[in-house]
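An overview of the molecular structure
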Amino acid sequence: MQGKVVVTQAQGPRTAASMARTGLARSGRPGAIRRILLALSAGLALSGGCELSAAAPQAITAAAKPAAKPAAKPVAKVAALQAVRSVEGIDEYRLPNGLQVLLIPDASKPTTTVNMTYRVGSRFENYGETGMAHLLEHLLFKGTPRNPQVWADFNKRGFSANGSTWYDRTNYFASFSANSDNLRWYIDWQADAMVNSFIARKDLDSEMTVVRNEMEMGENDAGRILMEKTLATMFQWHNYGKSTIGARTDVEGVDITRLQAFYKRYYQPDNATLIVSGKFDVAQVLGWVQQSFGRIPKPTRKLEQPYTLDPVQDGERTVTVRRVGGVPQVFAAYHVMPGAHPDFAAVELLPLILADTPSGRLHKALVEGQQAAGVFGFTEGLADPGFILFGAQLSPSRICSRRRRTCLPCWRRCAASPSPQPMSSAPGPSGSRAGTCISPIPSAWAWPCPRPWPRATGACSSC
């Protein structure tokens, strides 16, 4: 096993796993949308791991179904949607301006959920810009000249709506009882907000109290701080090592012109995916999307993708965080491949195999062995090489350094003695049917990476 990071910290009533999942879990979106968001974060068009049946592009006209009411005046010429592909009940379309549209109709649902995902998050922030992606999430709800009272409109229509920011993406979503008028309004608002949001200094000043409150909640959560220090130790150069909410000085001193430039650069149709799921009329939605988004011109600017990656970690790293509190924790974090890599499917299984209650191997070894009060694990499908993290919550009476010496060898033993029963009989790249990536406990602790991402470990403890 190459490299190791050790971090120490006090208390932590919440696990780091729950906080790291905030970007995806807090919205309560349907499973299909969650899969798509993970795929977008990992740099994929669609997830599912199956062959896409791509038909020849075909124009979708707004007149697929007769309109309920005639337009008051002729609609300006808008570009036609093109059918791209269909897989597992998910239909993909594109506008010439670059907007990707994914429709997941399900007539058995009483509700409709709309999700707009922009492929920009904290990974795209430069020096002095940390927290910008998150600030824009807040300011987009401050309205446009045509829709100045966004939250009032949401409440009046009974929407369950919010937004979230993560490393690789920012998304805005709303769920509501299936209603064509509400659906049409929300699609139109998303198109309006994409290019006409105020992003004004006065709104930034008024929203700063809310952002500071979020920041202070994180600062007062020992488990969240421990996770931030762990990732900062793992990633010395890549922005995955920085908190999405940003540095306090960057957030409080943000220049409004730079924030507006950030908005205009990334909030464009060629950098966005609109997802509609649940109960709705497909032909109607296609017409509304074409009418609302088809008017937006294709950007002339070219987006540059970040290329910074950390070198292979040279040895284990350790960091200790000490705070007053009563719930010590020990973390062990490992570098893994990007979410789009074929081997990442095996990585996603590891938290279930190792940390599940009551069948996980770490649970049996540490909790049933009375070495820890609980264990957890999680990973994220990210665009660049990411991480998998395991943790153990200890009793306040335990001596942290001693428990750390107990927990870390336990994690290593799980890797050194994988179950002899493979989880899949599918042949690997070399034709073998039992390999690193399909074993119940792959050697992810010292991952044999063919790519230049690090394969070292990070261990953190709290006391």
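Structure's up top.
Residues numbered from 1 in each chain as written. Predicted model: local features only at pLDDT ≥ 70, side-chain atom pairs only at ≥ 80, totals over all residues. Heavy atoms only, no water.

Some details on the overall build of the protein
- Looking only at helices and strands, the protein features 14 helices and 14 strands.
- A burial count over the protein gives 52% of its 463 residues as buried.
- Within the protein, counting contacts between residues at least 6 apart in sequence, those at least 24 apart form 79% of the total. (Helix = DSSP H or I, 4+ residues; strand = E, 2+ residues; numbered from the N terminus. Buried < 20%, exposed > 50% of the residue type's maximum accessible area, 1.4 Å probe, protein only. Contact = heavy atoms within 4.5 Å.)

Section: the packing of aromatic side chains
- Inspection of every chain in the model, using the stated rule, returns 24 aromatic pairs.
- Note on Tyr 118 and Tyr 172: the rings are 6.1 Å apart at their centroids and 80 degrees apart in plane angle, and the pair reads as edge-to-face. With Tyr 118 in strand S6 (residues 111–118) and Tyr 172 in strand S8 (residues 170–177), this residue pair connects regions lying 54 residues apart in the sequence.
- A residue is classified by how much of its surface remains accessible, and Tyr 118, at 0% relative accessible area, is buried.
- With centroids separated by 5.6 Å and ring planes inclined at 65 degrees, the aromatic side chains of Phe 141 and Tyr 172 adopt a geometry described as edge-to-face. Here Tyr 172 lies in strand S8 and Phe 141 lies in the loop between helix H4 (132–139) and helix H5 (150–157), a separation of 31 residues in the sequence.
- For Tyr 172, a relative accessible area of 0% translates into the label buried.
- A network of ring pairs unites the aromatic residues Tyr 118, Phe 141, Trp 151, Phe 154, Phe 159, Tyr 172, Phe 176, Trp 185, Tyr 186, Trp 189, Tyr 263 and Tyr 267 as a single cluster.
- The cationic tip of Lys 202 hangs over the ring face of Phe 198; the distance from NZ or CZ to the ring centre is 6.0 Å. (Phe/Tyr/Trp six-rings, centres within 6.5 Å; stacked < 30°, edge-to-face > 60°. Lys NZ or Arg CZ within 6 Å of the ring centre and 35° of its normal.)

Some details on the pairing of strand S13 (residues 386–393)
- For S13, a buried count of 8 out of 8 residues is recorded, marking the element as mostly surrounded by other parts of the structure.
- The sheet contact formed by strand S11 (residues 329–336) and S13 spans 8 bridges and is antiparallel. The residue of S13 that forms the bridge with Tyr 334 is Ile 388.
- Pairing of strand S12 (residues 374–379) with S13 involves 6 bridges; the strand directions are antiparallel. (Pairing = 2+ DSSP bridges.)

Section: the nonpolar core
- If you look at the biggest cluster of nonpolar residues, it comprises 58 residues, and the most contacted ones within it are Leu 259 and Phe 293.
- Here this core gets 8 residues from one element, more than from any other, and that element is helix H6 (residues 180–196).
- When neighbours within four sequence positions are excluded, Phe 293 is seen to be in contact with Leu 95, Asn 97, Leu 99, Met 116, Ile 187, Gln 190, Ala 191, Met 194 and Leu 274.
- Formed by 21 residues, the second largest nonpolar core is a distinct cluster that contains Leu 350, Leu 354, Leu 366 and Val 367. (Core = buried A, V, L, I, M, F, W, Y, C linked by side-chain atoms within 4.5 Å.)

Some thoughts on the pattern of salt bridges
- For the structure on display, the rule yields 18 salt bridges.
- Salt-bridge contacts for Glu 216 lead to Arg 248; the nearest nitrogen and oxygen are separated by 3.7 Å. Of the two residues, Glu 216 is situated in helix H7 (residues 201–219) and Arg 248 in helix H9 (residues 248–252); the sequence distance between them amounts to 32 residues.
- Its relative accessible area of 35% is what places Glu 216 among the partly exposed residues.
- With relative accessibility at 27%, the residue Arg 248 sits in the partly exposed group.
- Linking Glu 219 and Arg 248 is a salt bridge whose minimum nitrogen-to-oxygen distance equals 3.3 Å. Linking Glu 219 in helix H7 with Arg 248 in helix H9, this pair joins segments that are 29 residues apart in sequence. (Salt bridge = Lys/Arg side-chain N within 4 Å of Asp/Glu carboxyl O.)

Regarding H4
- Counting buried positions along H4 gives 8 out of 8 residues, so the element sits mostly inside the fold.
- Every buried residue of H4 is accounted for by Met 132, Ala 133, His 134, Leu 135, Leu 136, Glu 137, His 138 and Leu 139.

Side note on the environment of Leu 102
- The topology assignment puts Leu 102 in strand S5 (residues 100–105).
- Since its relative accessible area comes to 0%, Leu 102 is described here as buried.
- Residues Leu 102 and Asp 91 lie 11 residues apart in sequence; the distance between their C-alpha atoms is 5.6 Å.

Examining the packing of H4 against H7
- Where H4 contacts H7, the axes come no closer than 10 Å and their chain directions differ by 115 degrees. Taken as a pair, H4 and H7 cross one another with a handedness that is right-handed. Facing His 134, Leu 135, His 138 and Leu 139 of H4, the residues of H7 in contact are Asp 203, Leu 204, Glu 207, Val 210, Val 211 and Glu 214.
- Of the residues belonging to the contact of H4 with H7, the class tally is 5 nonpolar, 2 polar and 3 charged. (Axes fitted to C-alpha atoms, helices over the stretch in contact; angles between N-to-C directions. Left-handed = near helix turned anticlockwise from the far one by under 90°. Nonpolar A, V, L, I, M, F, W, Y, C, P; charged D, E, K, R; others polar.)

Considering unusual backbone geometry
- Of note, the bond from Thr 357 into Pro 358 is cis; its omega dihedral lies within 30 degrees of zero at 10 degrees.
- As for its position among the elements, Pro 358 is in the loop between helix H12 (344–355) and helix H13 (361–367).
- Of note in this structure, Glu 88 is not a glycine but carries a positive phi near 50 degrees.
- Here Glu 88 lies in the loop between strand S3 (81–87) and strand S4 (90–94).
- One non-glycine residue with positive phi stands out, namely Gln 370, at about 60 degrees.
- Owing to a relative accessible area of 60%, Gln 370 belongs among the exposed residues under this scheme.

Section: the environment of Ser 122
- In this structure, Ser 122 sits in the loop between S6 and H4.
- On the basis of relative accessible area, Ser 122 is assigned to the buried category, the value being 2%.
- Distance from Ser 122 to Asp 168, taken between C-alpha atoms, is 6.6 Å for residues 46 residues apart in sequence.
- If we ignore the near neighbours within four places in the chain, the residues touching Ser 122 are Ala 133, Trp 166, Tyr 167, Asn 239 and Thr 244.

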